[in-house]
Amino acid sequence: MRAATETTEPALPSPDLLAERLLPWFDAHHRTELPWRRPGTTAWGVLVSEIMSQQTQVARVAPVWEAWMARWPEPADLAAAPTADVLRAWDRMGYPRRALRLQECARIVAEEHGGTVPSDPAELEKLPGIGNYTAAAVAVFHYGGRHAVVDTNVRRVVARLGGRPDAGTATSKADLAAAASLLPEDAPTAARVSLALMELGALMCTARRTECGACPVSDACGFSGKEIPAGPSRKRQRYQGTNRHVRGEIMKLLRDADGPVERARVDAVWTDPRMVGEAVAQLIEDGLIGTDETGRFELPSR
């Protein structure tokens, strides 16, 4: 009886080989239009860019980030700003609770860290709204540390280097370990490799296409030349008429108003009174809106 043949996934390339192949490509092709990549960007600027880029396309983030950093270049500047101004500056990037968390980060950095954003990922993760990815991104992209920075693009590239078409739906310890195994020992070089892996996934090894013929690491990739398997079609998520849509309309109304807004104007943002009521209650609970002494709605002062 013939024994079953065991199959193993291709080994990941060595850190030195990956750096040798990938870094020249990154130097020639990385995106230069992202303003937070300019020389002289502070750790605070990197942190702001990472929080803004959560769930928002970088093309939409870039102009908001530039205006934000011109207005509040240091954590203490944002910490002292009226929260209403912060929410207005956030504009329509969505998920405005991120703006509240960012201002709270600014207060903690200003008061507990002397205005200096920590370089240790463990300390960064203690800040509001900062998870493993954002903490590692700041520690690597500004401070040049040797840490695995694992977002969706990096997970995909690492999975394909190992012969799989894609990674799973959430970052696992195995994903972090695999990405860390690709980093050279030299911290500055490792930091550049981390950024280059992310860039490769954003520009060349995307979810829907691979450019293996032009890829700098194709000869060391276990997925090179293979087709991405067809997956279930993904319909674009409906936004019009959702709770998020109604919340966004209420926030826009209050951002654009010169002062407190009567309930009747808030009720008029959508045709379903129940949805408006739910949205208002959630926004109050989240600390995104409040009421004055007469019951009119307004953005929070702090």
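Residues numbered from 1 in each chain as written. Predicted model: local features only at pLDDT ≥ 70, side-chain atom pairs only at ≥ 80, totals over all residues. Heavy atoms only, no water.

Draft legend 1. Up close: the UniProt feature "domain: HhH-GPD" (unreviewed entry) in the protein chain. In the UniProt entry, the feature "domain: HhH-GPD" (unreviewed entry) is given for residues 52-203. For the annotated span residues 52-203, helix accounts for 62% and strand for 0% of the residues, and the straight-line distance between the end C-alpha atoms is 20 Å. (UniProt positions renumbered as here; feature names shortened; annotations may be inferred. Helix = DSSP H or I, 4+ residues; strand = E, 2+ residues; numbered from the N terminus.)

Draft legend 2. Main features of the packing of helix H1 (residues 15-29) against helix H11 (residues 187-203). Interaxial distance between H1 and H11 falls to 9 Å at its minimum, and their mutual angle equals 65°. Judged on the interaxial angle alone, H11 and H1 are roughly perpendicular. Here H1 runs over H11; the crossing is left-handed. Contacts between H1 and H11 involve Leu18, Ala19, Leu22, Leu23, Trp25, Phe26, Asp27 and His29 from the former and Thr189, Arg192, Val193, Leu195, Ala196, Leu197, Glu199, Leu200 and Leu203 from the latter. Across the contact of H1 with H11, the residue classes break down as 12 nonpolar, 2 polar and 3 charged. (Axes fitted to C-alpha atoms, helices over the stretch in contact; angles between N-to-C directions. Parallel < 35°, antiparallel > 145°, perpendicular 65-115°, else oblique. Left-handed = near helix turned anticlockwise from the far one by under 90°. Contact = heavy atoms within 4.5 Å. Nonpolar A, V, L, I, M, F, W, Y, C, P; charged D, E, K, R; others polar.)

Draft legend 3. Inspection of unusual backbone geometry at higher detail. One non-glycine residue, Asp91, adopts positive backbone phi at about 55°. You can see Asp91 is positioned in the loop between helix H5 (83-90) and helix H6 (97-112). One non-glycine residue, Tyr95, lies in the positive phi region at around 45°. Structurally, the position occupied by Tyr95 is in the loop between H5 and H6.

Draft legend 4. Spotlight on the environment of Ala19. Within the secondary structure layout, Ala19 lies in helix H1. Counting along the chain gives 163 residues from Ala19 to Leu182, while the straight-line C-alpha distance between them is 8.7 Å. Apart from residues lying up to four places away in sequence, Ala19 is in contact with Pro24, Pro184, Thr189 and Val193.

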